[in-house]
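Structural overview
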Amino acid sequence: MLTTAAATAGSYLHFTDLGLDPVIFTIGPFSLKWYSIAYIAGILIGWWYLLKLLAQPGAPMARRHADDMVFYATIGIILGGRLGYAIFYQPRLFLEPLSLLRLWEGGMSFHGGVIGVTLAIIWLARKEGLNWLRIHDYVACCAPFGLFFGRLANFVNGELWGRPTDVPWAIVFDRTGQNVPRHPSQLYEAGLEGIVLFAVLWFMFWKTDARYQPGKLVGTFILGYGLSRYFVEFFREYDVQFADTIFATPGLHMGQLLTVPMIVGGLYLIATAKRRRERIEPVAGGPSIA
């Protein structure tokens, strides 16, 4: 199949023909990359949307808490994402600790970022006497923005490409060194983890009473992400450091293995959300009303 695809690669769109450049501009030794802009855009738009959610009755925290939350979450994303990447994908980075600081070289783990943000939320909740699970629900509704922009940045970088295929929308990612059309799996993830997941959470927040059932929204988020990521891994090229099977399971990738706890945890949070239902509080910390 690989040989056949390579022979017909000329009839497919080549990534270089798109004219995409990972670097926006360079001034001296400084280069601004789309990957950095993706993180900034995800955080800022997520912050804006979080404030709109908090303006609705029953918010689990006030505006001042949200500002602190964004600061702590940003640190959690960066530290958790980088350490997660080193732990799950590149343990050799710990042999050169300074390499962990080279964020501009790329290498961030979503799963590590989730852990980092979770710790940030727990810290804020304990510090301010808030319900950490309800805060998690609101933050989860904002997370698809970052996922969407992040996957688009992966595409612009021409990285994390998919497996060889002959579908009409395949793209030849020239950086692979093989003249082979592949799935644009970055766009699949942007659509599922970003657009679809946002739409589901938007509906649940604005059209149902899910926000009054602690854990339901964040459970939906991690379940949705886990299922999306597990599905897309069938179309995404495996990580070179995990070329061999994991746990002797053919076709199982590290990305899929890491989604299993998310899927299980998401199902649990959704199934147990009703028993945690809370009365409406117009302002976090204020008197409850029926």
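Above this text you will find the structure in question.
Residues numbered from 1 in each chain as written. Predicted model: local features only at pLDDT ≥ 70, side-chain atom pairs only at ≥ 80, totals over all residues. Heavy atoms only, no water.

**Some points on the pairing of strand β2 (residues 23-27)**
Alignment of β2 against strand β3 (residues 30-33), held across four bridges, turns out to be antiparallel. Bridged to Phe25 within β3 is Leu32. Linkage of β2 to β3, two consecutive antiparallel strands, is achieved through a turn of two residues, within which Gly28 is found at a positive phi near 60°. (Pairing = 2+ DSSP bridges. Helix = DSSP H or I, 4+ residues; strand = E, 2+ residues; numbered from the N terminus.)

**What to know about the nonpolar core**
Met61, Met69, Ile135 and Phe221 are the most contacted members of the largest nonpolar core, which has 38 residues in total. Contributing elements (two or more residues each) for this core: α2 (34-54), α3 (63-88), α4 (110-128), α5 (132-156), α6 (185-207), α7 (216-232) and α9 (259-271). Examining the composition of this core, we find that nine residues originate from one element, α5, more than from any other. Not counting the four nearest positions on each side in its chain, Met69 is found in contact with Met61, Ala120, Ile121, Leu124, Ile135 and Val139. Core analysis: the next-biggest nonpolar cluster, separate from the first, contains five residues, Phe15, Phe155, Trp161 and Phe173 among them. (Core = buried A, V, L, I, M, F, W, Y, C linked by side-chain atoms within 4.5 Å. Buried < 20%, exposed > 50% of the residue type's maximum accessible area, 1.4 Å probe, protein only. Contact = heavy atoms within 4.5 Å.)

**Quick word on a nonpolar patch on the surface**
On the surface, a nonpolar cluster with roughly 630 Å² of combined accessible area is contributed by Phe71, Ile75, Ile78, Leu79, Leu83, Ile87 and Phe94. Residue placement: Leu83 occurs in helix α3. Judged by relative accessible area, which is 38%, Leu83 ranks as partly exposed. (Patch = residues over 30% accessible without salt bridge, like charges linked within 9 Å, V, L, I, M, F, W, Y side chains within 5 Å. Areas by Shrake-Rupley, 256 points an atom, 1.4 Å probe, with all protein chains shown as cover. Salt bridge = Lys/Arg side-chain N within 4 Å of Asp/Glu carboxyl O.)

**Quick word on the sheet that holds strand β1 (residues 13-14)**
The three strands are arranged β1-β4-β5 in an open sheet whose pairing can be described as mixed. Looking along the sheet, the strands with just one partner apiece sit at the ends: β1 and β5 (181-182). Two strands pair when backbone bridges link them, and strand β4 (residues 171-172) and β5 are joined in this way by two bridges, in the antiparallel orientation. Paired with Val172 across the strands is Pro181, a residue of β5.

**A few points about the packing of aromatic side chains**
For the structure on display, the rule yields 17 aromatic pairs. Seen from their ring centres, Phe25 and Phe30 are 6.4 Å apart, and the 55° between their planes marks the pair as tilted. Their ring planes at 70° and their centres at 5.2 Å tell us that Phe205 and Trp206 sit as a pair that is edge-to-face. Looking at Phe205, the relative accessible area reads 0%, which means it is buried. Joined through ring pairs, the aromatic side chains of Phe15, Phe155, Trp161 and Phe173 make up one cluster. Above the face of the Phe205 ring, Arg211 is positioned so that its terminal group lies 4.7 Å from the ring centre. (Phe/Tyr/Trp six-rings, centres within 6.5 Å; stacked < 30°, edge-to-face > 60°. Lys NZ or Arg CZ within 6 Å of the ring centre and 35° of its normal.)

**Regarding unusual backbone geometry**
With the exception of glycine, most residues fall at negative phi, and the peptide bonds are largely trans. Backbone geometry at Leu160 places phi at a positive 55°, although glycine is not the residue there. Relative to the assigned elements, Leu160 resides in the loop between α5 and β4. On the basis of relative accessibility, which here comes to 30%, the residue Leu160 falls in the partly exposed class.

**Concerning α9**
One turn of the α-helix equals 3.6 residues, which is why residues spaced by three or four share an orientation. Between the first and last C-alpha of α9 there are 18 Å, a value that for 13 residues agrees with the 18 Å anticipated at 1.5 Å per step. Regarding α9, the residues found buried are Thr259, Met262, Ile263, Gly266 and Leu269. For α9, the arc enclosing every buried residue in end-on projection is 135°, short of the 170-degree limit, so these residues lie on one face. For α9, the exposed residues lying more than 90 degrees away from the buried face are Pro261, Val264, Tyr268 and Ala271. If you follow the buried residues of α9, they end up packed against α4, α5, α7 and α8 (254-257). (Expected span 1.5 Å × (residues − 1). Arc of directions from axis to C-beta.)

**A look at the environment of Tyr212**
Locating Tyr212 in the fold gives a position in the loop between α6 and α7. In the structure, Tyr212 is positioned 61 residues away from Ala273 in sequence and 8.9 Å away in space, judged by C-alpha atoms. At 3.3 Å, the side chain of Tyr212 and the side chain of Arg211 are in polar contact. (Polar contact = N/O pair within 3.5 Å; in protein donor to acceptor, adjacent residues only side chain to side chain.)

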